Each structure stands twice: as structure tokens, then as C-alpha cells.
Amino acid sequence: MIGTDPKTDVAVIKIDAKELPVATLGDSETIEVGDWAIAIGNPFGLSQTMTSGIISAKERSNLGMHEYEKFLQTDAAINPGNSGGPLLNLEGHVVGINTAIFSRNGGYQGIGFAIPINMAKQIQDSLIVHGKVIRGWLGVMIQPVTLVIAKSFGIDETRGVLVSNVVEDGPAEHAGLERGDIILAFDGQATDDPNALKYAVADTAVGKDVEVLV
């Protein structure tokens, strides 16, 4: 075991073997909603089972499965035993790691989730180099800008992310961010979703200077 990341349910292990066949890793950023996907796994002990479907959503979050969620959602049949298996595009490149299903009875109901391979590769690199995942940290508590909040601030649009609290002696406090600020963009990218901002911060290298528009 090289390292684990419980916040995403990804681990890196080293296998003492040579000349193993390997799958080609793809680029999950190129995946679009409607693309075909193929899931391979070992559901119910039935090894090398293959199912197909489409990608129905990207960056699906707020599912309560892991702390960091940015799943690819697919209707390719994923059942207990598929976890850890690859989600492939039609070129046979791995674009995700099958990890969970939404089910009321424990079986397939048309909604499965995979960890994007780009996210897994970032975790892999950090685990190999540091033995743990090192994520960027801003030091703020955030929440969405609802219509009620927007009106209380005298603005007409529900855009940006509200800073509800600032951690003492954190990067945000040192930069001058205050409770009540509304973050409109982070590192040049507009943000209206607290989860998207959380992931953007986490993916930022520690020590990097980033422009924040408030």
C-alpha cells in the first residue's frame, strides 16, 4: 500500500510483478454528456462482466458518499462488485473508476457513478510523491448566494459564493477576505457553486498566488 485517500475512496498499491497488461488512461475532461461509456467489473462474482450506457452528468456532487465528490454519472449497469473497475470510452481508454450506485434495493437502477480519471491521476501523483494527498486550502466557510441573500445585499442576481466565515490566520484572512464577501471568480474562473469553488481550491498547488474577484 503506497497511500490512501479516504476523502475520495482512492488508493495506490504497488504490485511486485512484471509484464502485466495495462489499460490506457484517457482524459475525463474530454467526456461530454451523451457520450457512450462501457463499465467492466466483477458484479456478484461474475468476472469480466461488461455493460454499456451513456454519460448523463459530469461533476455530480452532494451525494453524501465522500467528502470530495465530482462524479461522472452513467446508466451503464453498475452493481455490487463493479467498484474499482474501469469506465471506458469507445476508444477503450479509462475515463473513470466505478465507485457507487444509487439504489433503493442494493441493485442496479440505472444510476451509477465513477470517479473521473483525471481526478484519480492527481490523487495518484500526490500519494506516490508525498504518501498523502495535499490539497490547496483557502480558509473560508462558504455557502450559495440564494435569492434572499442576494436581495439582502442589494444585488439582482444569484451569482457568486458567499463567505460566511473566515478562519483566523488562514490564507483568506491574510489576503483581506472578510465575512460577507461574495467571491465571483477564483483564478480567472467565474464561480456560482460552493462545491465547484471547493474543488478549484483543492486542485490549486499549495503556495500558488491566485487572483480572487470579490
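Before any of the text, the structure's been laid out above.
These figures come from a predicted structure and were not determined experimentally. (Residues numbered from 1 in each chain as written. Predicted model: local features only at pLDDT ≥ 70, side-chain atom pairs only at ≥ 80, totals over all residues. Heavy atoms only, no water.)

## Let's talk about the nonpolar core
In step 1: Counting 13 residues, the largest nonpolar core has Tyr68, Ile115, Met119, Ile123 and Leu127 as its most contacted members.
In step 2: For this core, the element with the highest residue contribution is helix H1 (residues 117-130), accounting for 3 residues.
In step 3: If sequence neighbours within four positions are ignored, Ile123 has contacts with Asp5, Thr8, Val10 and Val133. (Core = buried A, V, L, I, M, F, W, Y, C linked by side-chain atoms within 4.5 Å. Buried < 20%, exposed > 50% of the residue type's maximum accessible area, 1.4 Å probe, protein only. Helix = DSSP H or I, 4+ residues; strand = E, 2+ residues; numbered from the N terminus. Contact = heavy atoms within 4.5 Å.)

## Section: the environment of Thr158
In step 1: Checked against the element boundaries, Thr158 lands in the loop between helix H2 (147-152) and strand S10 (161-166).
In step 2: In sequence terms Thr158 and Phe71 are 87 residues apart; their C-alpha atoms lie 25 Å from each other.

## Quick look at the environment of Ile38
In step 1: Locating Ile38 in the fold gives a position in strand S3 (residues 36-41).
In step 2: In sequence terms Ile38 and Ser164 are 126 residues apart; their C-alpha atoms lie 42 Å from each other.
In step 3: Those residues in contact with Ile38 that lie beyond four places of it in its chain are Met50, Thr51, Ser52, Pro86, Leu87, Leu88, Asn89 and Leu90.

## So, the sheet that holds S10
Within a sheet, neighbouring strands are paired by backbone hydrogen bonds and run either parallel or antiparallel to one another.
In step 1: Spatially, the 3 strands line up as an open sheet ordered S9-S10-S11, and their pairing is antiparallel. Sheet topology places strand S9 (140-144) and strand S11 (182-183) at the edges, where each strand pairs with a single neighbour.
In step 2: Summarising the sheet, S9 and S10 pair through 5 bridges and their orientation is antiparallel. Within S10, the residue paired with Ile142 across the bridge is Val163.
In step 3: Against the sheet, helix H4 (residues 194-202) touches S9, S10 and S11, its axis set at about 145° to S9. (Pairing = 2+ DSSP bridges. Axes fitted to C-alpha atoms, helices over the stretch in contact; angles between N-to-C directions.)

## What to know about the pairing of S3
In step 1: Here S3 runs beside strand S4 (residues 49-60); their pairing, made up of 6 bridges, is antiparallel. Each bridged residue has a counterpart across the sheet, and for Ile38 the counterpart in S4 is Ser52.
In step 2: Both S3 and strand S6 (residues 86-88) contribute to a ladder of 2 bridges, which runs antiparallel. Note that in S6 the partner of Ile38 across the bridge is Leu88.

## Quick word on a negative patch on the surface
In step 1: A cluster of acidic side chains, namely Asp27, Glu29, Glu59, Asp156, Glu157, Asp192 and Asp193, defines a negative patch on the protein surface.
In step 2: Relative to the helices and strands, Glu157 resides in the loop between H2 and S10. (Patch = residues over 30% accessible without salt bridge, like charges linked within 9 Å, V, L, I, M, F, W, Y side chains within 5 Å. Areas by Shrake-Rupley, 256 points an atom, 1.4 Å probe, with all protein chains shown as cover. Salt bridge = Lys/Arg side-chain N within 4 Å of Asp/Glu carboxyl O. Lys, Arg positive; Asp, Glu negative; His and termini not counted. Charge placed at Lys NZ, Arg CZ, Asp CG, Glu CD.)

## Overview of the pattern of salt bridges
In step 1: Overall, the coordinates contain 3 salt bridges when judged by the stated rule.
In step 2: For Asp187, the salt bridge identified is with Lys208, shortest N-O distance 3.2 Å. Placement of Asp187 in the loop between strand S12 (185-186) and strand S13 (189-190) and of Lys208 in the loop between H4 and strand S14 (212-213) is noted, with a sequence separation of 21 residues between them.
In step 3: Under the relative-accessibility criterion, Asp187 is labelled partly exposed at 35%.

## Focus: the packing of aromatic side chains
In step 1: If you walk through the whole model with that rule in mind, you get 1 aromatic pair.
In step 2: Note on Phe71 and Phe113: the rings are 5.7 Å apart at their centroids and 40° apart in plane angle, and the pair reads as tilted. Placement of the pair is Phe71 in strand S5 (residues 71-74) and Phe113 in strand S8 (residues 112-116), with a sequence separation of 42 residues.
In step 3: Relative accessible area serves as the criterion here: at 1%, Phe71 is assigned to the buried category. (Phe/Tyr/Trp six-rings, centres within 6.5 Å; stacked < 30°, edge-to-face > 60°.)

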